[in-house]
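Coordinates in review
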Amino acid sequence: MPNELLKRNREWAARQEADLFDDLTDGQSPRFLWISCSDSRVPANEIVDCHPGDLFVHRNIANRIDHDDLNGLSVLQYAVEVLQVPHIVVCGHYRCGGVKAAMETTDHGLIDNWLRPIKDCYHRCHSELDALADEQARWDRLCELNVVDQVEGIARTTVVQKAWQRGQNLTIHGWIYHLSGGLIQNLGVEINSPEQVPAIYRIAPSQNEPAREPSASR
Ligand code: ZN
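Heads up: these notes are all about the structure in this document. Model, not experiment: these values are computed from the prediction.

**With respect to the overall build of the chain**
Broken down by element type, the chain carries 9 helices and 5 strands. Across the chain, helices and strands are ordered from the amino to the carboxyl terminus as α-α-β-α-β-α-β-α-α-α-α-α-β-β. Viewed in the frame of its principal axes, the chain has a C-alpha envelope of about 60 × 55 × 30 Å. Here the chain holds 218 residues, and the buried ones make up 37% of them. Put simply, of all contacts in the chain between residues at least 6 apart along the chain, 64% involve residues at least 24 apart. When the accessible surface of the chain is summed, it comes to about 13200 Å², and 51% of that surface belongs to carbon and sulfur atoms.

**Description of the sheet that holds strand 3 (residues 87-93)**
As a general point, the strands of a sheet are linked pairwise by backbone hydrogen bonds and lie either parallel or antiparallel. Judged by pairing direction, the sheet is mixed, and its 5 strands sit side by side in the order 2-1-3-4-5 without closing on themselves. Looking along the sheet, the strands with just one partner apiece sit at the ends: strand 2 (55-60) and strand 5 (184-191). For this sheet, the mean inter-axis angle between neighbouring strands, taken without regard to orientation, is 20°. Strand direction decides the pairing type here: strand 3 and strand 4 (residues 171-177), joined by 7 bridges, are parallel. Within strand 4, the position partnered with V89 by the bridge is H173. Each of strand 1 (32-37), strand 3, strand 4 and strand 5 is contacted by helix 8 (residues 135-155), which is oriented at about 165° to strand 4, the strand it contacts most.

**Considering the packing of aromatic side chains**
Inspection of the entire model under this criterion finds 3 aromatic pairs. Here the aromatic rings of W12 and F21 are separated by 5.8 Å at their centres, their planes lie at 80°, and the arrangement is edge-to-face. Geometrically, the ring pair formed by W34 and W175 is edge-to-face, given 6.1 Å between the ring centres and 75° between the ring planes. With W34 in strand 1 and W175 in strand 4, this pair connects stretches of sequence that are 141 residues apart. Look at W34 and you get buried, because its relative accessible area is 2%. Residue classification places W175 among the partly exposed residues on the basis of a relative accessible area of 22%.

**Points about helix 9 (residues 158-165)**
Counting buried residues in helix 9 gives 6 out of 8 residues, a clear majority hidden from the surface. Turning to helix 9, its buried residues are V159, V160, Q161, A163, W164 and Q165. Those residues of helix 9 that are buried lie in contact with helix 4 (70-82), strand 3, helix 8, strand 4 and strand 5. Following helix 9 by one or two positions, G167 has its phi on the positive side, about 90°.

**A closer look at the layout of surface pockets**
Here the largest pocket defines a volume of roughly 510 Å³. In this structure, the largest pocket is lined by 19 residues; those nearest its centre are R64, D66, H67, D149 and G153. Mapped onto the lining of the largest pocket, the elements with two or more residues apiece are helix 6 (111-124) and helix 8. Of all the elements, helix 8 adds the most residues to the lining of the largest pocket, at 6 residues.

**A few points about the packing of helix 6 against helix 8**
Contact pair helix 6 / helix 8: the axes reach a minimum separation of 10 Å and the direction vectors enclose 110°. Of the possible angle classes, the one that applies to helix 6 and helix 8 is roughly perpendicular. Contacts between helix 6 and helix 8 involve P117, I118, C121, Y122 and R124 from the former and R138, L142, L145, N146 and D149 from the latter. Of the residues belonging to the contact of helix 6 with helix 8, the class tally is 6 nonpolar, 1 polar and 3 charged.

**Here we look at the side chain of D112**
Tracing the backbone shows D112 in helix 6. Despite being buried, D112 has no salt bridge partner; K119 is the closest side chain of opposite charge, sitting 5.3 Å away. One polar contact links the side chain of D112 to the main-chain amide nitrogen of H108, over a distance of 2.8 Å.

Thresholds applied
- Residues numbered from 1 in each chain as written.
- Predicted model: local features only at pLDDT ≥ 70, side-chain atom pairs only at ≥ 80, totals over all residues.
- Heavy atoms only, no water.
- Helix = DSSP H or I, 4+ residues; strand = E, 2+ residues; numbered from the N terminus.
- Buried < 20%, exposed > 50% of the residue type's maximum accessible area, 1.4 Å probe, protein only.
- Contact = heavy atoms within 4.5 Å.
- Areas by Shrake-Rupley, 256 points an atom, 1.4 Å probe, with all protein chains shown as cover.
- Pairing = 2+ DSSP bridges.
- Axes fitted to C-alpha atoms, helices over the stretch in contact; angles between N-to-C directions.
- Phe/Tyr/Trp six-rings, centres within 6.5 Å; stacked < 30°, edge-to-face > 60°.
- 1 Å grid on protein atoms, 1.4 Å probe; cavity = no way out; pocket = protein on both sides within 12 Å on 5 of 7 lines; lining within 4 Å.
- Points joined across faces, edges and corners; volume = space filled by probe spheres on them.
- Parallel < 35°, antiparallel > 145°, perpendicular 65-115°, else oblique.
- Nonpolar A, V, L, I, M, F, W, Y, C, P; charged D, E, K, R; others polar.
- Lys, Arg positive; Asp, Glu negative; His and termini not counted.
- Salt bridge = Lys/Arg side-chain N within 4 Å of Asp/Glu carboxyl O.
- Polar contact = N/O pair within 3.5 Å; in protein donor to acceptor, adjacent residues only side chain to side chain.

What follows is the structure, given as structure tokens:
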């Protein structure tokens, strides 16, 4: 029952140190934008043992950030331009129902449109995926490829490109969570400069802004 949640909230608030709320009332300065799935089994703060104020969080089905998604881009812009987070973590998870649904030909209704970029990801990587022995292995691998796709896609957004152009320190990481055991694996995909992004997605320095100069040696 919803009232049970309100009761648990009162109990949780009573257990916290009083200065926690004093510290957080005036603002936030998280160091991480955390992007993960809405799945109830992958709660953001809990699995990395973080406190309120530590993570700026965006969650949706199958942890997607697409360039035509106003919601996701707004979160990204606020995190990068206002909060100036130095790290963006895309944390997918194995056995993701959204990824599984994208692998099927079943009609799931409206959500098939949301899952479409994952189908595109499958299509781009079908040689690798089709070579895998069984459905479970393909599912696991597509969960990983979907994270890599997000890391690359976020690096190509105008928000991130402009941040690097301003000289902002910003790294995008790709991780995946094991539902069994609760451990997070670093997928080893990490992007922190425009040189790691295909040239067609880069933004050239504005004519109105002085180009960044190397720091003086004298
Ligand atoms: Zn999921």
